Amino acid sequence: MLHPSYSDLMAVVNSEVEPGEQPVVQSRYSIVLATAKRARQIIAGDEPLVENGEDQKPLSAAVEELYQGKVKIVGEDD
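Trainee: Explain the overall build of the chain to me, using residue names and the numbers behind them.
Mentor: Scanning the chain from N- to C-terminus turns up 3 helices and 0 strands. Reading the secondary structure of the chain in the N-to-C direction produces α-α-α. Compactness check: the chain gives a C-alpha radius of gyration of 13 Å against a globular reference of 12 Å for 78 residues, within 12% of the reference. On the principal axes, the C-alpha backbone points of the chain span a range of 45 × 30 × 20 Å. Per-residue burial over the chain gives 23% buried out of 78 residues. Put simply, of all contacts in the chain between residues at least 6 apart along the chain, 38% involve residues at least 24 apart. Only carbon and sulfur atoms are counted for the fraction: they give 50% of the accessible area of the chain, which is about 5800 Å². Counting 7 positive and 14 negative side-chain charges, the chain places the averaged centre of each group 5 Å from the other.

Given below as structure tokens:
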């Protein structure tokens, strides 16, 4: 099982949205795309923004960054 769950990640990402505004993330697909893109950046040489153990994989680091609020998902018009 993935920890944190998709619903937990969506809640964190959408936590700064004002009431009445459209959520930044509306589907699991958006979470998957965002974490995959960040994992590719880490693979390409970017330093992870979270403490990672020697055996932590780039995707795990990307998920943890998103969960801790170290990276943000922005809309295409932002």
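Trainee: Please provide a residue-by-residue account of the nonpolar core, values included.
Mentor: Core analysis: the largest hydrophobic core is formed by 7 residues, namely L9, M10, V13, V25, I31, V63 and L66. For this core, the secondary-structure elements that each account for two or more residues are α1 (6–13) and α3 (58–68).

Trainee: Kindly report on the packing of α1 against α3, identifying the contributing residues and their values.
Mentor: Contact geometry of α1 with α3 gives a least axis separation of 8 Å together with a crossing angle of 45 degrees. When the interaxial angle is binned, α1 and α3 end up oblique. On the side of α1, the interface is formed by D8, L9, V12 and V13, while α3 contributes V63, L66 and Y67. Its residues assigned to classes, the contact of α1 with α3 comprises 6 nonpolar, no polar and 1 charged.

Rules of the game
- Residues numbered from 1 in each chain as written.
- Predicted model: local features only at pLDDT ≥ 70, side-chain atom pairs only at ≥ 80, totals over all residues.
- Heavy atoms only, no water.
- Helix = DSSP H or I, 4+ residues; strand = E, 2+ residues; numbered from the N terminus.
- Rg over C-alpha atoms; globule rule 2.2 N^0.38 Å.
- Buried < 20%, exposed > 50% of the residue type's maximum accessible area, 1.4 Å probe, protein only.
- Contact = heavy atoms within 4.5 Å.
- Areas by Shrake-Rupley, 256 points an atom, 1.4 Å probe, with all protein chains shown as cover.
- Lys, Arg positive; Asp, Glu negative; His and termini not counted.
- Charge placed at Lys NZ, Arg CZ, Asp CG, Glu CD.
- Core = buried A, V, L, I, M, F, W, Y, C linked by side-chain atoms within 4.5 Å.
- Axes fitted to C-alpha atoms, helices over the stretch in contact; angles between N-to-C directions.
- Parallel < 35°, antiparallel > 145°, perpendicular 65-115°, else oblique.
- Nonpolar A, V, L, I, M, F, W, Y, C, P; charged D, E, K, R; others polar.

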